[in-house]
Amino acid sequence: MQIKLYYGDFDSVTQQISNDNAAIRIDIHFNASENIEDNYSMCLVRDTAEYSQHIADTLVFETANKLGIENRGTVKLSRGERGHILVRSTKCPTILYEPCFVSNPDGANVAKNHRNLLSDALIATLKKHMADGSLVAIVPGHAHKQTNDMGANVHGGGSEGQYTELLAKELETKINEPVVHTKEMIQVPDIRFTLNKMKQVGTDSFVITHWLLVWFVVLIILRKIYR
Ligand SMILES: [Zn+2]
């Protein structure tokens, strides 16, 4: 599974996601209300989209569960309702994800300090429903739009678009983790780096032995050169 983030205005994002043949599109938004008490999880999908609803049900369940707030489930949008154009415009299943309310102090705290709960909910959902090689299109709502619309105000300061972007990036980092090759450990000929490394590994004699071996080889080469 691969995560790709899409920024910009609606039409170009929609076009790019279709061109890339993404398996699913998830638009991240935070909800907001005049009533500061309001705070629940919900997802929105197209009224005719059974498959999208199936995935959205998992996502909203995982989210409400992790945050310990009410699960308002998946809402199906019909023609004319706000958000309907969004959830019907891309050819792949599309979910409008609204994990919590940033107008509520607890919801704002999640957006600012506990985004890991949301990325975990997204990952659990995607791992359950998406095939191995599939491309997941993530659209952080309000981030980098030409129209300068940063979305809802977050309780205590900040705007929705800041935190949808941070969440999207966190999800991208978690899923698209780079593969670390152990050979990369022995290629830096810097003595300070070596000493720091040895301090770090402490009594891990296996690694220390390897580092000593590298320096032994370096010394032999130096001797050959300057003899
Ligand atoms: Zn929004």
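Rules used in this analysis
Residues numbered from 1 in each chain as written. Predicted model: local features only at pLDDT ≥ 70, side-chain atom pairs only at ≥ 80, totals over all residues. Helix = DSSP H or I, 4+ residues; strand = E, 2+ residues; numbered from the N terminus. Buried ≥ 20, exposed ≤ 12 C-beta atoms within 10 Å, placed from the backbone. Axes fitted to C-alpha atoms, helices over the stretch in contact; angles between N-to-C directions. Left-handed = near helix turned anticlockwise from the far one by under 90°. Contact = placed C-beta atoms within 7 Å. Arc of directions from axis to C-beta. Expected span 1.5 Å × (residues − 1). pLDDT = per-residue confidence, 0-100. Parallel < 35°, antiparallel > 145°, perpendicular 65-115°, else oblique. Nonpolar A, V, L, I, M, F, W, Y, C, P; charged D, E, K, R; others polar. Pairing = 2+ DSSP bridges.

1. Here we look at unusual backbone geometry
- Residue Asn21 is not a glycine yet carries a positive backbone phi of 55°.
- Inspection of the secondary structure puts Asn21 in the loop between α1 (10-19) and β2 (24-28).
- Even without a glycine there, the phi angle at His142 is positive, about 75°.
- In this fold, His142 is placed in the loop between β6 (135-140) and α6 (160-175).
- You can call His142 buried: it has 22 C-beta atoms within 10 Å.

2. Quick word on the packing of helix α2 (residues 50-67) against helix α5 (residues 115-129)
- Viewed as axis vectors pointing N to C, α2 and α5 meet at an angle of 150°, and their least axial separation amounts to 9 Å. For the element pair α2 and α5, the recorded crossing hand is right-handed. Residues Ile55, Thr58, Leu59, Glu62, Thr63, Lys66 and Leu67 of α2 touch α5, and the partners they reach there are Leu117, Leu118, Asp120, Ala121, Leu122, Ala124, Thr125, Lys128 and His129.

3. Some thoughts on helix α4 (residues 105-113)
- Listing the buried residues of α4 in full gives Gly107, Ala108, Val110 and Ala111. One face of α4 carries all of its buried residues, which in axial projection span an arc of 155°.
- Considering only its buried residues, α4 is in contact with α2, α5 and α6.

4. Quick look at α5
- Between the first and last C-alpha of α5 there are 21 Å, a value that for 15 residues agrees with the 21 Å anticipated at 1.5 Å per step.
- Taken as a whole, α5 has its buried residues at Leu118, Ala121, Leu122, Thr125 and Leu126. Projected onto a plane normal to the axis of α5, the buried residues spread over an arc of 125° and lie on a single side. In α5, those exposed residues whose orientation departs by more than 90 degrees from the buried face are Lys127 and Lys128.
- Tucked inside the fold, the buried residues of α5 contact α2, α4, β6 and α6.

5. Observations regarding the confidence of the model for the protein chain
- Per-residue pLDDT for the protein chain has a mean of 90; in total, 88% of the residues score no lower than 70.
- Taken element by element, the protein chain is modelled with least confidence in helix α7 (residues 191-201), mean pLDDT 65, and with most confidence in α4, mean pLDDT 98.

6. Thoughts on the packing of α5 against α6
- It is at 9 Å that the axes of α5 and α6 come closest, and there the two elements cross at 55°. Accordingly, the angle class assigned to the pair α5 and α6 is oblique. Here α5 and α6 pass one another in a crossing that is right-handed. Here α5 contributes Arg115, Asn116, Leu118, Ser119, Leu122 and Ile123 to the contact with α6, which in turn contributes Leu166, Leu167, Glu170, Leu171, Lys174 and Ile175.
- Residues that form the contact of α5 with α6 fall into these classes: 7 nonpolar, 2 polar and 3 charged.

7. Quick look at the sheet that holds β2
- Pairing in this open sheet of 6 strands is mixed, and the strands run β1-β6-β2-β5-β3-β4 from one edge to the other. The sheet is open, and its two edges are formed by β1 (2-5) and β4 (70-77), each paired on a single side. Sheet twist, expressed as the mean angle between neighbouring strand axes with direction ignored, is 20°.
- Looking at chain direction, strand β3 (residues 40-46) and β4 are connected through 6 bridges and run parallel. Opposite Tyr40, over in β4, you have Glu70 as the bridge partner.
- Set on the sheet, α6 makes contact with β1, β2 and β6; between it and β6 the angle comes to about 160°.

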